Amino acid sequence: MAAEKLTIDHEEAVDFVRKVQKRINKEAYKDFLMTLCAYRNKCKDVADVYRDVVEQFADYPDLLEGFHRFLPTSEVIADLESKLQIL
């Protein structure tokens with residue numbers, strides 16, 4: 001399954017992160033940024049990031065929906081499927 005190509009401009013990403021910062025508490029925001037950094041540094045894959053963000057945004061379904069825009073859905077599904085095959 002090929003990953004979908006997303007076109008996200010820098011300003012859109014910055015706006016979303018600012019929105020998150022305004023809506024969630026300081027500790028949760030720090031955790032969110034750490035999750036993003038771990039992905040950027042290749043310490044977490046897309047599926048792990050998605051699972052973390054689902055937990056972090058549990059009380060903010062609109063933020064989770066907004067975050068979906070930044071994840072290649074087919075890549076998340078493929079990664080989860082590969083992990084399930086290992087089990």
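Remember, predicted model here, so these are calculated numbers, not experimental data.

1. Concerning the state of the cysteines
Here the structure, examined in full by the defined rule, presents 0 disulfides. Its sulfur unpaired, C37 is 9.8 Å from the next cysteine sulfur, which belongs to C43. Classification of C37 by relative accessible area gives partly exposed; the value is 41%. Overall, C43 belongs to the exposed group, its relative accessible area being 62%.

2. A word on the packing of helix α1 (residues 10–23) against helix α4 (residues 61–68)
Following both chains from N to C, one finds α1 and α4 inclined at 165°, their axes separated by 11 Å at the closest point. In terms of axis orientation, α1 runs roughly antiparallel to α4. Both α1 and α4 take part in a crossing whose hand is left-handed. Of the residues in α4, those in contact with F16, K19, V20 and R23 of α1 are D62, L63, G66 and F67. Residues of the contact of α1 with α4, tallied by class, amount to 4 nonpolar, 1 polar and 3 charged.

3. Points about the side chain of Q56
Structurally, Q56 can be placed in helix α3 (residues 46–56). A relative accessible area of 18% means that Q56 is categorised as buried. Separated by 3.4 Å, the side chain of Q56 and the backbone oxygen of D31 make a polar contact. Excluding residues that lie within four positions of it along the chain, Q56 makes contacts with D31, F32 and T35.

4. Description of the side chain of T35
Turning to its location among the elements, T35 is positioned in helix α2 (residues 26–40). Once residues within four sequence positions are removed from consideration, T35 is found in contact with K44, V49, D52, V53 and Q56.

5. A few points about the confidence of the model for the protein
Per-residue confidence for the protein averages 82 on the pLDDT scale, and 74% of its residues sit at or above 70. Per-element confidence in the protein is highest for α2, whose mean pLDDT is 95, and lowest for helix α5 (residues 73–86), whose mean pLDDT is 62. Across residues 1–6, where pLDDT falls below 50, the model places 12 contacts with residues more than four positions away in sequence or in other chains.

Each value, and the rule that gives it
- Residues numbered from 1 in each chain as written.
- Predicted model: local features only at pLDDT ≥ 70, side-chain atom pairs only at ≥ 80, totals over all residues.
- Heavy atoms only, no water.
- Disulfide = S-S within 2.5 Å.
- Buried < 20%, exposed > 50% of the residue type's maximum accessible area, 1.4 Å probe, protein only.
- Axes fitted to C-alpha atoms, helices over the stretch in contact; angles between N-to-C directions.
- Helix = DSSP H or I, 4+ residues; strand = E, 2+ residues; numbered from the N terminus.
- Parallel < 35°, antiparallel > 145°, perpendicular 65-115°, else oblique.
- Left-handed = near helix turned anticlockwise from the far one by under 90°.
- Contact = heavy atoms within 4.5 Å.
- Nonpolar A, V, L, I, M, F, W, Y, C, P; charged D, E, K, R; others polar.
- Polar contact = N/O pair within 3.5 Å; in protein donor to acceptor, adjacent residues only side chain to side chain.
- pLDDT = per-residue confidence, 0-100.

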